[in-house]
Every structure is written in C-alpha cells, then in structure tokens.
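Survey of secondary and tertiary structure
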Amino acid sequence: MAGLLGELGYPATPERVRDRLGRPGERLLLAELDGQPVGLLSLTVLHHVTHARPLARVVAMVVRARARRGGVGRALMERAEALARAAGCEGVELTSANSPERE
C-alpha cells in the first residue's frame, strides 16, 4: 500500500500506512493481480448540509503503472459505487489527483 500511495504522490513508509489503517469512516479497497497489490482506492461517506442523503468521496485512487489499462481502476470504481449505493449515498465524488501537479 505504501508503494501505491507513493505512486499517487503521497510517499509513506509501510509503518506509517499501517498506523493509518482502520480510521473511522474510511473504506480501503486493494486490488491484487497475481498476489501483488496493483490498485488502491479510499472511500469515505460524508454528510453535507447541502444534500438530503450522504455523498461518497473517493479521496485516493491509484493503479500501479504496469497494471493500467487492464480494468483495475474500473473494478475499483465499480466496487466503490456499490458500497456507496449500499450506504444510501446520493452520488460519488472523485477528488483523487485533483491538483495541478497531477493533471
């Protein structure tokens, strides 16, 4: 997971990532290919005064460079959308890579 976060621009040691696991309100999805992690998605469900129902937000999504264009990202997003529907969310926001240096 640390390597995937590094590819997304958030370098972290495995120990620091381990310390962050299990935070309330965050769902982490990990995609594996041949037993190796190739994709990561972080999903949170948020309540806003502007919406009657909660919104799901994808705050981190990355697919390892060697695994791109193979359906990993699509599978992660489809699972995130299913989790959002199950939580009664009104929609899904994608904010991962939403910065000028990651365009």
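The present account deals with the structure reproduced in this document. (Residues numbered from 1 in each chain as written. Predicted model: local features only at pLDDT ≥ 70, side-chain atom pairs only at ≥ 80, totals over all residues. Heavy atoms only, no water.)

Moving on to unusual backbone geometry. Phi is positive for Asp34, close to 55°, though the residue is something other than glycine. Locating Asp34 in the fold gives a position in the loop between β1 (26–33) and β2 (36–46). (Helix = DSSP H or I, 4+ residues; strand = E, 2+ residues; numbered from the N terminus.)

So, on to the sheet that holds β1. With mixed pairing, 4 strands are arranged side by side in an open sheet as β1-β2-β3-β4. With partners counted over all chains shown, the strands left at the sheet margins are β1 and β4 (91–94), one partner each. Strand-to-strand, the axes of this sheet are offset by a mean angle of 25°, without reference to chain direction. Across 4 bridges, the pairing between strand β3 (residues 55–63) and β4 is parallel. Following the sheet pairing, Arg57 is matched in β4 by Glu93. Each of β1, β2, β3 and β4 touches helix α3 (residues 72–86); the most contacted strand, β2, lies at about 30° to it. (Pairing = 2+ DSSP bridges. Axes fitted to C-alpha atoms, helices over the stretch in contact; angles between N-to-C directions. Contact = heavy atoms within 4.5 Å.)

The next subject is the pattern of salt bridges. Per the stated rule, a full pass over the model turns up 3 salt bridges. Across the salt bridge formed by Arg64 and Glu7, the nearest N and O atoms sit 3.1 Å from each other. Within this pair, whereas Arg64 is found in the loop between β3 and α3, its partner Glu7 is found in helix α1 (residues 2–8), the two being separated by 57 residues in sequence. Classification of Glu7 as partly exposed rests on a relative accessible area of 35%. We note a salt bridge from Arg68 to Glu7, for which the minimum N-O separation is 3.6 Å. A residue pair is termed long-range when its members are at least 10 positions apart, and Arg68 in the loop between β3 and α3 and Glu7 in helix α1 qualify at 61 residues. Look at Arg68 and you get partly exposed, because its relative accessible area is 46%. Among the charged side chains, a salt-bridge network with shared partners connects Glu7, Arg64 and Arg68. (Salt bridge = Lys/Arg side-chain N within 4 Å of Asp/Glu carboxyl O. Buried < 20%, exposed > 50% of the residue type's maximum accessible area, 1.4 Å probe, protein only.)

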